[in-house]
Structures are given as structure tokens and as C-alpha cells.
Amino acid sequence: AVEHAAPMVTGTPVEVGSFSSDLFNGEIILKGFKIHNPDGYVEPCAIELDTLRIKLLPGSLLGDVITVSDIYIGGVGVNFELKADGHSNLTDLQKNVENFTKSVAPADPQKEQPQEPAAEAEKAPEKQVVIKLLRQEQGFISASLALTKTTMKLPLPAVEMTDIGGGKSIGE
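Report on the accompanying structure.

The rules behind the values
- Residues numbered from 1 in each chain as written.
- Predicted model: local features only at pLDDT ≥ 70, side-chain atom pairs only at ≥ 80, totals over all residues.
- Heavy atoms only, no water.
- Helix = DSSP H or I, 4+ residues; strand = E, 2+ residues; numbered from the N terminus.
- Buried < 20%, exposed > 50% of the residue type's maximum accessible area, 1.4 Å probe, protein only.
- Contact = heavy atoms within 4.5 Å.
- Areas by Shrake-Rupley, 256 points an atom, 1.4 Å probe, with all protein chains shown as cover.
- Pairing = 2+ DSSP bridges.
- Core = buried A, V, L, I, M, F, W, Y, C linked by side-chain atoms within 4.5 Å.
- Phe/Tyr/Trp six-rings, centres within 6.5 Å; stacked < 30°, edge-to-face > 60°.
- Lys NZ or Arg CZ within 6 Å of the ring centre and 35° of its normal.
- 1 Å grid on protein atoms, 1.4 Å probe; cavity = no way out; pocket = protein on both sides within 12 Å on 5 of 7 lines; lining within 4 Å.
- Points joined across faces, edges and corners; volume = space filled by probe spheres on them.
- Nonpolar A, V, L, I, M, F, W, Y, C, P; charged D, E, K, R; others polar.
- Salt bridge = Lys/Arg side-chain N within 4 Å of Asp/Glu carboxyl O.
- Expected span 1.5 Å × (residues − 1).
- Arc of directions from axis to C-beta.

When helices and strands are counted, the chain shows two helices and nine strands. Ordered by position from N to C terminus, the α and β elements of the chain give α-β-β-β-β-β-α-β-β-β-β. Here the chain holds 172 residues, and 26% of them are scored as buried. Within the chain, counting contacts between residues at least 6 apart in sequence, those at least 24 apart form 57% of the total. Carbon together with sulfur atoms contributes 60% to the accessible area of the chain, which is approximately 11700 Å² in total.

Pasting the structure below:
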């Protein structure tokens, strides 16, 4: 589904090597995710991700606090390319996303009828998310300049964070 829908948004090919989910154990694994560059750039991909693994406690989805036990991000890479005319691959991708968003937005949002405000008693409690462990490793950023015909690739330091989001609702 991602490989079919995402190119409409980015204006470029998008690849997914594999995707698996185990709902009973609360695990999602995405491998080989790539957002290709727009036409006219040297590097094939703007963004690459070797592995994304998310583990959560499935029972927590029914409660007020969603507990994510582990998020692992392995081999994320961002390739930034700047052309001689001042355009970059990442800003071109951003423009593609903005153009798509405008194309699917309502033509006249004023004509849409406003939603009735929900009664306070009917409001569902806000969900909170706690991430016990977030790890990122083996990432990189590369920058290429067309004028100098040089590319610099810098490794990202490994990151490990624990107990993220305790006591805050989604969106805070």
C-alpha cells in the first residue's frame, strides 16, 4: 500500500523491502524503506531506512497509557543534494508534498459545515504514550554540492533515550 500511495505524495518512487506485523506480540517491522530523489539528482535516494522495529504492549492500546517498550531505528540515511541553481532534493520533495496536500484539500473550507462540539461528558480521555526505549544507530547524513562536485558523508552518533513521554498526552 505504501509503495502505491506514497509516490502520489512525494512525486517519486518509494520502496519498501518488507513489512511485517505481529498483533498478538505488538511488533511491527519495516525494512528497506526508500524515498527516491526527484528527477535530476545524482543520488538515487533522498531518504533511506534499513530497519524500523516498534514493540508495544498490545493490552495498553485499550487503556489510557499506550506503552511502547522499544523503538529501534537502524541505518537511517538522509542524502541532501544542492544543485547549482539553488534547488535541493529535499526542498523539491517538500514542494511535491505541499502540492499534493493542496490538491486533496477541500476547494472552499468555508462551505464545509462546522462540527458540533462534543459534550464534555462524551469526550474520550486523552491517550498518553510512554516509550520505554528509543534507539537509533548506524545512521548518516550526506551532503552533495553540484558546484564543487563534492559529497561529504557524516555518520550520525548512536542515540539511546529512555522513558520518553511519561505523563503527557499524544501531541504534547
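With nine bridges connecting them, strand 4 (residues 45–56) and strand 5 (residues 65–82) associate as antiparallel partners. Looking across to strand 5, one finds that Lys55 is bridged to Asp70. Pairing geometry for strand 5 and strand 6 (residues 128–137), over eight bridges, is parallel. If you follow Val68 over to strand 6, its bridge partner there is Ile131.

Relative to the elements of secondary structure, Ile73 occurs in strand 5. We classify Ile73 as partly exposed; its relative accessible area is 22%. Separated by 61 residues in the primary sequence, Ile73 and Leu134 place their C-alpha atoms 8.0 Å from one another. Contacts of Ile73, omitting those with residues within four sequence positions, involve Leu49, Thr51, Leu52, Leu134, Arg135, Gln136 and Glu137.

A separate point is the nonpolar core. Among the nonpolar cores identified, the biggest contains nine residues, and these are Ala6, Val14, Val16, Leu30, Phe33, Ile35, Ala46, Leu49 and Leu93. For this core, the elements supplying multiple residues, two or more each, are strand 3 (27–36) and strand 4. When residues of this core are assigned to their parent elements, the largest contribution, three residues, is made by strand 3. Each residue touching Phe33, except ones within four places of it in the same chain, is listed here: Val2, Val14, Glu15, Val16, Gly17, Ile47, Glu48 and Leu49.

Next up on the list: the packing of aromatic side chains. What the rule picks out here adds up to zero aromatic pairs. In this arrangement the basic side chain of Lys83 is found over the ring face of Tyr41, its NZ or CZ atom lying 4.4 Å from the centre. Between the NZ or CZ atom of Lys153 and the centre of the ring of Phe140, over which it lies, the distance is 4.2 Å.

Time to look at the layout of surface pockets. Counted as a void, the largest pocket has a volume near 150 Å³. Those elements that place two or more of their residues in the lining of the largest pocket are strand 5, strand 7 (140–145) and strand 8 (150–155). Residue composition of the lining of the largest pocket, grouped by class: five nonpolar, four polar and four charged.

Following the criterion strictly, the structure yields four salt bridges and no others. Ionic contacts of the salt-bridge type, sharing partners, join the residues Arg53, Asp70 and Arg135 into one network.

This part covers the environment of Asp92. Considering the arrangement of structural elements, one finds Asp92 in helix 2 (residues 89–104). Overall, Asp92 belongs to the buried group, its relative accessible area being 16%. Taking the C-alpha atoms as reference, Asp92 lies 8.8 Å from Asn37; in sequence the two are 55 residues apart.

Between the first and last C-alpha of helix 2 there are 23 Å, a value that for 16 residues agrees with the 22 Å anticipated at 1.5 Å per step. Residues of helix 2 that are buried: Asn89, Asp92 and Leu93. Here the buried residues of helix 2 occupy an arc of 100° about the axis, which is enough to place them on one side.

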